[in-house]
Amino acid sequence: MRLRDSMAVRIHPTADVSPEASVGDGTIVWHWVQIRERASVGRDCKLGKDVYVDAEVKVGDSCKIQNEATLYRGVTLGNRVFVGPHACFTNDLYPRAVIPDWEVISTTVDDGASIGANATILCGITIGRNAMVAAGAVVTKDVPPHALVAGVPAKRIGWVCECGRPLDARMRCAHDGRTYPDLKPKRKARSRRRK
């Protein structure tokens, strides 16, 4: 295995990186990756084999994008985002082969979020800070910060800590002891009306 080394950026010789793209210091781009024109990949990222980063996609710092993930135009990843293998981001709500008035529909993944293997992210949504999308999920609407979503379509099944582990009913992480009281659902006031 030979890598080109340029200002601490390592790009495998089989990768296709547009001269119009920017790749930050410390980033590693592996076999057969394609990074299109005007795409921006931050510092200290790792892009696995066969990753596709479409034109104008923005990837923050310290992201890890696993093998064969596809990020289409309109996607913006924050910092420290994990994208699992074969995850797919879409950018068209009404896909057809030929659409004369086609417009990109943007998708945002906030800092620290994780997208599981084989997840599909429909366009036009936001995945909140430190949220976690389970493997195989199909995400069709916004995901709140720290939410754990799973299924088809994805639904919230719990909450996760910044470290990624589940929170208990008191919104506490057994692993590191952090608590998230703002995530605790508010109880509805009971009606005092007589029946």
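Treat the numbers as computed from the prediction; the structure is a model and nothing was measured.

**Student:** It is not clear to me how the packing of aromatic side chains should be interpreted in this structure. Could you clarify?
**Tutor:** The geometry of an aromatic ring pair is captured by the separation of the ring centres together with the interplanar angle, meaning the angle of the planes. Taken as a whole, this structure holds 1 aromatic pair when the rule is applied. On the numbers, 5.6 Å between centres and 55° between planes, the contact of Tyr52 with Tyr72 is tilted. One end of the pair, Tyr52, is in strand E9 (residues 52-53); the other, Tyr72, is in the loop between strand E12 (70-71) and strand E13 (75-77), with 20 residues separating them in the sequence.

**Student:** Hey, could you run me through the pattern of salt bridges in this one?
**Tutor:** Any two side chains of opposite charge can pair, on the condition that their charged atoms come close. Scanning the model with the defined rule gives 10 salt bridges in all. Between Arg38 and Glu20 there is a salt bridge, with the nearest N and O atoms lying 3.5 Å from each other. Of this pair, Arg38 sits in the loop between strand E6 (34-35) and strand E7 (40-41) while Glu20 sits in the loop between strand E3 (16-17) and strand E4 (22-23), and the two are 18 residues apart along the sequence. On the accessibility criterion, Arg38 (42% relative accessible area) is partly exposed. Judged by relative accessible area, Glu20 falls into the exposed class, the value being 52%.

**Student:** Explanation requested: the nonpolar core in the structure shown.
**Tutor:** Nonpolar side chains in soluble globular proteins tend to be buried together. Grouped together as the largest cluster of nonpolar side chains are 48 residues, with contacts concentrated most on Ile35, Leu77 and Ile127. For this core, the elements supplying multiple residues, two or more each, are strand E2 (9-11), E13 and strand E22 (147-150). Setting aside anything within four residues of it in sequence, one finds Leu77 in contact with Lys58, Val59, Gly60, Cys63, Ile65, Leu71, Val83, Phe89 and Val109.

**Student:** Looking at this structure, I do not really get the side chain of Ser114. What am I missing?
**Tutor:** Structurally, Ser114 can be placed in strand E17 (residues 114-115). Residue class for Ser114 comes out buried when judged on its relative accessible area of 17%.

**Student:** In this structure, what is going on with the environment of Val17? I would like to understand it.
**Tutor:** Tracing the backbone shows Val17 in strand E3. Sequence separation between Val17 and Gly124 is 107 residues; the distance between their C-alpha atoms is 27 Å. The contact partners of Val17, leaving out residues within four places of it in the chain, are Ile11, Val23, Val29 and Ile35.

Reading the values: rules and limits
- Residues numbered from 1 in each chain as written.
- Predicted model: local features only at pLDDT ≥ 70, side-chain atom pairs only at ≥ 80, totals over all residues.
- Heavy atoms only, no water.
- Phe/Tyr/Trp six-rings, centres within 6.5 Å; stacked < 30°, edge-to-face > 60°.
- Helix = DSSP H or I, 4+ residues; strand = E, 2+ residues; numbered from the N terminus.
- Salt bridge = Lys/Arg side-chain N within 4 Å of Asp/Glu carboxyl O.
- Buried < 20%, exposed > 50% of the residue type's maximum accessible area, 1.4 Å probe, protein only.
- Core = buried A, V, L, I, M, F, W, Y, C linked by side-chain atoms within 4.5 Å.
- Contact = heavy atoms within 4.5 Å.

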